[in-house]
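One letter stands for each residue in the lines below.
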Amino acid sequence: MTTPHHIAIVMDGNGRWATRRLLPRVAGHKKGVDALRNCVKHCMERGVKVLTVFAFSSENWNRPAEEVSGLMELLALALAREVPQLQAEGVQLHFVGNREGLSDKVRAGLAQAEAATAGNQRLVFNVCFNYGGRWDIAQAAAALAARGEPITEGSLDRAMSLAHVGDPDLLVRTGGEQRISNFLLWQAAYSELYFSDKLWPDFDEAALDAAIADYAGRERRFGRTPEQLTAPRARRAA
Ligand code: IPE
Ligand code: IPE
Ligand code: MG
């Protein structure tokens, strides 16, 4: 079975999970952290090499102040609680997104966690926090302009915030919505899309396996014809 090398996930549905249980929305986000911990473990067991998750979007600042501060606290808490275990498991952590707007304490925590896990090789784990696909493209273009470099597909790609990994093979969204919500606009150009009705806190090992199995049945053509994909190598290059 073909396992995706890089899986990206829009972890959606925490709020509905909580609301259905008459709990505050932040309780759903807490459950979401548990689901993410399991997901990281399961990805490693399945041989996935890169996992990129959407934890807080540029637009999520528009939520009620109480929810935003709850999410910030959860990030700080998760940093303190989860990093030692991730380190022990061989996970290389990256925080991807605009760090302006985050508190000094959180920023220092992110940098510390990245430095501590930089040598790990088992799984590259990108947490997109205060991330937006449009922000990413704009920051890459601004960096090139500031250096006086020409803007090409290649130079933009190298300036993008996920330049340390290849593009996602599989992009999963839980929670039933079928939209990108300003996630990896540039990097998802050829990702296979998979939508699950499960709310993120309910997205368990079996659900991830179902997504991986679905991916294994896809034919990725990258613009070619089906015949080209089955033709011998020599002919394919012609
Ligand atoms: C996703 O769950 C997590 C974040 C956006 C932080 P939601 O909070 O969007 O959950 P729903 O979509 O309201 O159920
Ligand atoms: C996308 O979910 C962002 C994250 C999962 C972090 P949203 O719940 O914010 O997306 P919309 O608003 O429904 O498009
Ligand atoms: Mg949502």
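See the structure shown above.
Residues numbered from 1 in each chain as written. Chains lettered and ligands numbered in written order. Predicted model: local features only at pLDDT ≥ 70, side-chain atom pairs only at ≥ 80, totals over all residues. Heavy atoms only, no water.

A. Structural detail: the side chain of threonine 52. Structurally, the position occupied by threonine 52 is in strand S2 (residues 50–57). Judged by its relative accessible area of 0%, threonine 52 is buried. Within polar-contact distance, the side chain of threonine 52 engages the side chain of asparagine 126 at 3.0 Å. Beyond its immediate sequence surroundings of up to four residues, threonine 52 is in contact with His6, Ile7, Ala8, Ile9, Asn126, Cys128, Leu162, Phe183 and Leu184. (Helix = DSSP H or I, 4+ residues; strand = E, 2+ residues; numbered from the N terminus. Buried < 20%, exposed > 50% of the residue type's maximum accessible area, 1.4 Å probe, protein only. Polar contact = N/O pair within 3.5 Å; in protein donor to acceptor, adjacent residues only side chain to side chain. Contact = heavy atoms within 4.5 Å.)

B. Quick look at empty space enclosed by the protein. Enumeration according to the criterion identifies three cavities of 30 Å³ or more in this entry. Counted as a void, the largest cavity has a volume near 50 Å³. Val10, Leu171, Val172, Arg173, Arg179, Ile180, Phe183, Leu193, Tyr194 and Phe195 together form the lining of the largest cavity. Those elements that place two or more of their residues in the lining of the largest cavity are strand S5 (170–173) and strand S6 (192–195). In terms of residue class, the lining of the largest cavity is made up of eight nonpolar, no polar and two charged. (1 Å grid on protein atoms, 1.4 Å probe; cavity = no way out; pocket = protein on both sides within 12 Å on 5 of 7 lines; lining within 4 Å. Points joined across faces, edges and corners; volume = space filled by probe spheres on them. Nonpolar A, V, L, I, M, F, W, Y, C, P; charged D, E, K, R; others polar.)

C. Geometry of the layout of surface pockets. Roughly 930 Å³ of internal volume is contained in the largest pocket. Of all the elements in the fold, those that place two or more residues in the lining of the largest pocket are helix H1 (14–20), helix H2 (25–46), S2, helix H3 (65–89), strand S3 (91–96) and strand S4 (123–131). Take the lining of the largest pocket: its biggest share by element is 10 residues, from H3. Approximately 170 Å³ is the volume attributed to the second largest pocket. Every residue lining the second largest pocket is listed: Ala76, Leu79, Ala80, Val83, Lys105, Val106, Gly109, Gln112 and Ala113. Listing elements by their share of the lining of the second largest pocket, those giving two or more residues are H3 and helix H4 (104–117). Here the lining of the second largest pocket gets five residues from one element, more than from any other, and that element is H4. Split into classes, the residues belonging to the lining of the second largest pocket amount to six nonpolar, two polar and one charged.

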